[in-house]
Amino acid sequence: MREAELLYVLAVGLFLYESVVTVPLDAAVVQQRLWRWRRVAPFLLRSGAGPAVVLAWPLPPLGRLAIGNRKGRFALAEVAERLSVHRKLMLELKLATNLLFLSIFGGGAALVWLGRAVPDLPIFTAICGSWLTTIVAAILARRSLSKDLRPAWKDVIVAMVSPISATRLPELLGKKVFADLDGLVLIGALVPPADRVEPFRLALARATYCGDADPVAIAALATEVGLDVARLRTPPERESASALAYCPVCHAQFMRTDATCESCDDLVPTPYPASPEST
Ligand SMILES: [Zn+2]
């Protein structure tokens, strides 16, 4: 492998490493991919212990990730307001980091094609200019965040040393903007309606059967975001005629009514209504 190709591969490897963002173990994470927000399941580094990690969206337009709390506030109306603050806050930073990404990887690809390991003046200027703009935009964005949502200086300092690390500043600086709100509120407000159903179903079932939240508040929020609460409580479709009971939380099915669901702290399954054939 030529020197230019080796450097390019190393840059891609470092970028992917920098794309791994840590989030609190109990956070609900939503990520903007292209122009749509999606719910993402964090990957746990150790079972039952934190932190968890998510892979930031690796292609341009780079850069929006938000976390909600598992036991945060149910303030749906605040999401739109925060979102507009988040958008304004991140606009210059996102623009600068996307330019930086294109300068590094577009410029790098040109160097590989030309077989040069050292950037020529236009590429060097583009990388340094967008890197500097990114750092200035990050300092301004950080300063305009309220004190309790402001991240540590560490990420900005690392970005001052490595332009590849700097491409991840929007995620690192913006991820806590919604952190005091409940994750369900973020999911209800940001992700497409079809993707809201399962998290709301699970949260409602856990609240009802495991008592870890207030089911009335979750049902009210579900209605507010356009979900049908009765449908969220619908039993899973029987996988076979021998399924006699189901776990209302994880929807595992059982062939005995006296079983317990090991995955859900030995929760007692709910019997299916007797089918017409068996009566
Ligand atoms: Zn279960």
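About the thresholds
Residues numbered from 1 in each chain as written. Predicted model: local features only at pLDDT ≥ 70, side-chain atom pairs only at ≥ 80, totals over all residues. Helix = DSSP H or I, 4+ residues; strand = E, 2+ residues; numbered from the N terminus. Rg over C-alpha atoms; globule rule 2.2 N^0.38 Å. Buried ≥ 20, exposed ≤ 12 C-beta atoms within 10 Å, placed from the backbone. Contact = placed C-beta atoms within 7 Å. pLDDT = per-residue confidence, 0-100. Axes fitted to C-alpha atoms, helices over the stretch in contact; angles between N-to-C directions. Parallel < 35°, antiparallel > 145°, perpendicular 65-115°, else oblique. Left-handed = near helix turned anticlockwise from the far one by under 90°. Nonpolar A, V, L, I, M, F, W, Y, C, P; charged D, E, K, R; others polar. Core = buried A, V, L, I, M, F, W, Y, C linked by C-beta atoms within 7 Å. Pairing = 2+ DSSP bridges. Domains from an automatic or database assignment. Expected span 1.5 Å × (residues − 1).

Let's talk about the overall build of the protein
Step number 1: The secondary structure content of the protein amounts to 10 helices and 9 strands.
Step number 2: For the protein, the C-alpha radius of gyration of 23 Å lies well beyond 19 Å, the compact-globule estimate for 279 residues.
Step number 3: Counting only C-alpha atoms and orienting by the principal axes, one finds that the protein spans roughly 80 × 45 × 30 Å.
Step number 4: Within the span of the protein, comprising 279 residues, buried residues form 31% of the whole.
Step number 5: Within the protein, contacts between residues at least 6 apart in sequence are counted, and of these 67% link residues at least 24 apart.

A look at the confidence of the model for the protein
Step number 1: Per-residue pLDDT for the protein has a mean of 90; in total, 97% of the residues score no lower than 70.
Step number 2: Averaged pLDDT values for the elements of the protein fall to 82 in strand β4 (residues 43-46) and rise to 96 in helix α10 (residues 229-232).

Section: the packing of helix α2 (residues 76-114) against helix α3 (residues 121-144)
Step number 1: Viewed as axis vectors pointing N to C, α2 and α3 meet at an angle of 160 degrees, and their least axial separation amounts to 8 Å. The pairing of α2 with α3 is recorded here as roughly antiparallel in orientation. Crossing of α2 over α3 shows left-handed handedness.
Step number 2: Tallied by class, residues from the contact of α2 with α3 come to 16 nonpolar, 7 polar and 1 charged.

Here's the deal with the nonpolar core
One broad trend across soluble globular proteins is that nonpolar side chains are buried collectively.
Step number 1: By size, the foremost hydrophobic cluster in this structure holds 55 residues, and its most contacted members are V29, A138 and L186.
Step number 2: Of all the elements, α2 adds the most residues to this core, at 8 residues.

Considering the pairing of strand β5 (residues 49-55)
Step number 1: In terms of strand pairing, strand β1 (residues 20-23) meets β5 through 4 bridges, oriented antiparallel. If you follow V23 over to β5, its bridge partner there is A52.
Step number 2: Bridge count for β4 against β5 is 3 bridges, and the pairing is antiparallel. The partner of F43 across the bridge, within β5, is V53.

Comments concerning helix α7 (residues 183-190)
Step number 1: Counting buried positions along α7 yields 8 of 8 residues, so the element is predominantly enclosed.
Step number 2: Buried residues of α7: G183, L184, V185, L186, I187, G188, A189 and L190, and no others.
Step number 3: On its buried face, α7 sits against β2 (28-33), β3 (36-40), β6 (65-68), α2, α8 (193-209) and α9 (215-224).

Some points on the domain arrangement of the protein
Step number 1: By the assigned domains, the protein splits into domain 1 (3-174), domain 2 (192-234) and domain 3 (238-279).
Step number 2: One C-alpha centre belongs to domain 2, the other to domain 3, and the line joining them spans 21 Å.
Step number 3: Taken together, the contact pairs 4 residues of domain 2 with 4 residues of domain 3.

So, α8
Step number 1: Between its first and last C-alpha, α8 extends 25 Å over 17 residues, near the 24 Å set by a 1.5 Å rise per residue.
Step number 2: Looking at the buried positions of α8, the neighbouring elements they touch are α7, α9 and α10.
Step number 3: Taken from the residues just after α8, G211 is the one with a positive phi, measuring 65 degrees.

Regarding the environment of E171
Step number 1: Locating E171 in the fold gives a position in helix α6 (residues 169-174).
Step number 2: With 24 C-beta atoms counted inside 10 Å, the residue E171 sits in the buried group.
Step number 3: Taking C-alpha positions, E171 is 28 Å from L6, a pair spaced 165 residues apart along the chain.
Step number 4: Sequence-distant contacts of E171, that is, excluding residues within four places in its chain, are made with V21, A56, G63 and L65.

With respect to unusual backbone geometry
Step number 1: A cis amide bond links P60 with the next residue in sequence, P61, at an omega value of 0 degrees.
Step number 2: Mapped onto the fold, P61 is located in the loop between β5 and β6.
Step number 3: For H251, which is not glycine, the phi torsion reads 65 degrees and is therefore positive.
Step number 4: Tracing the backbone shows H251 in the loop between β7 (245-246) and β8 (253-254).
Step number 5: The residue D265 is not glycine, and still its phi comes out positive at about 55 degrees.

Focus: the sheet that holds β5
Step number 1: The strand order across the open sheet built from 3 strands is β1-β5-β4, with neighbouring strands paired in antiparallel fashion. At either margin of the open sheet sits one strand with a lone partner, and together these are β1 and β4. Averaged over all pairs of adjacent strands, the angle between their axes in this sheet comes to 40 degrees, without regard to strand direction.

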